[in-house]
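The residues making up each chain are set out below.
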Amino acid sequence: MSVRLPRQIVVSPLYFIVAFCLFGCNPSSPKGNEGDPAEGYRVLSDDPLYPLFDPYSIPEEPVFDIVTTMGTIRVKLYSETPLHRDNFARLAAGRVLEGTLFHRVIDGFMIQGGDPGTKDPATPQEEYGMRDLGYWIPAEFVDALRHTKGALAAAREGDDINPDKASSSTQFYLVQSEDGCRHLDGSYTVFGQTLEGIDVIDAIAKVPRNGMDVPDEPVRILSVNLVRD
């Protein structure tokens, strides 16, 4: 998801094999598969990647804490976007997002993360935003869900190769400026909203960054935790 549109958010169709094994995805499934990308997923007690929780037993509108090196962002996921909600829950349960970077941050726009390739210190910055899990999630546009400040939305490939505007399996962004992001309404799926931690989003958006909008000092996701009542 290198956000390159008039500030567009895109992601390249590479795969991440560990996550395929974890979620039981079919590596031969084409991008844009309309089926459940985690079909066949099982919670196995002897699995060394045993998940943090059962992603199929979550509230209708679950709440997650995205714990970063700069603070915690608490988000609620919407019931109106069940495909994106359930996918994010699987990512959290499987620890897929742990260790990934906010690899593109722009004050007055958004902060973007979730590329599994950013976990590897050897990955060149030029390749940040070029990886996900190898499947797409069908778009779930809801008129009432817009790019308000703190909105959680899915990044995606550009319209030239993705006319249906399907979402990346892992890469997401958090809106730092409603004015800067409102032109994305109806083109990128909004599937959650920040409940606490707007100040953290603002702080991340303002960190010094290079010409590719990569923070000079890494801003890393430490964990994504389901908030239980």
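Procedures and definitions
- Residues numbered from 1 in each chain as written.
- Predicted model: local features only at pLDDT ≥ 70, side-chain atom pairs only at ≥ 80, totals over all residues.
- Heavy atoms only, no water.
- Pairing = 2+ DSSP bridges.
- Helix = DSSP H or I, 4+ residues; strand = E, 2+ residues; numbered from the N terminus.
- Axes fitted to C-alpha atoms, helices over the stretch in contact; angles between N-to-C directions.
- Contact = heavy atoms within 4.5 Å.
- 1 Å grid on protein atoms, 1.4 Å probe; cavity = no way out; pocket = protein on both sides within 12 Å on 5 of 7 lines; lining within 4 Å.
- Points joined across faces, edges and corners; volume = space filled by probe spheres on them.
- Phe/Tyr/Trp six-rings, centres within 6.5 Å; stacked < 30°, edge-to-face > 60°.
- Buried < 20%, exposed > 50% of the residue type's maximum accessible area, 1.4 Å probe, protein only.
- Arc of directions from axis to C-beta.
- pLDDT = per-residue confidence, 0-100.

A. Examining the sheet that holds strand β6 (residues 151-154) more closely. Judged by pairing direction, the sheet is antiparallel, and its 8 strands sit side by side in the order β3-β4-β8-β6-β9-β2-β1-β10 without closing on themselves. Of all the strands in the sheet, just β3 (102-106) and β10 (221-226) have a single pairing partner and so form its edges. Strand-to-strand twist across the sheet, computed as the mean angle between neighbouring axes with direction ignored, equals 25 degrees. Pairing analysis gives 3 bridges linking β6 to strand β9 (residues 190-196), with the strands arranged antiparallel. When the bridges of β9 are listed, Leu 152 appears paired with Gly 192. Helix-sheet contacts for helix α2 (residues 82-93) involve β1 (63-68), β2 (71-77), β6, β9 and β10, and the interaxial angle to β1 is about 50 degrees.

B. Examining empty space enclosed by the protein more closely. As enumerated under the stated definition, the model contains 1 cavity of 30 Å³ or more in all. As a volume, the largest cavity reaches approximately 70 Å³. His 84, Asn 87, Phe 88, Leu 91, Ile 137, Ala 154, Ser 168, Ser 169, Thr 170, Gln 171, Phe 172 and Phe 191 are the residues that line the largest cavity. Top element by residues in the lining of the largest cavity is α2. It accounts for 4 residues.

C. Just the packing of aromatic side chains, in detail. What the rule picks out here adds up to 6 aromatic pairs. With a centroid separation of 6.0 Å and an interplanar angle of 55 degrees, the aromatic rings of Phe 88 and Phe 191 are classed as tilted. One end of the pair, Phe 88, is in helix α2; the other, Phe 191, is in strand β9, with 103 residues separating them in the sequence. Classification of Phe 191 as buried rests on a relative accessible area of 4%.

D. Helix α4 (residues 198-205), seen in detail. When α4 is considered as a whole, its buried residues turn out to be Val 200, Ile 201, Ile 204 and Ala 205. Burial along α4 is one-sided: seen end-on, the buried residues are contained in an arc of 135 degrees.

E. Spatial organisation of the confidence of the model for the protein chain. Per-chain confidence: the protein chain averages 83 in pLDDT, with 78% of residues scoring 70 or above. In the model, residues 1-48 has pLDDT below 50 throughout and makes 133 contacts with residues more than four positions away in sequence or in other chains.

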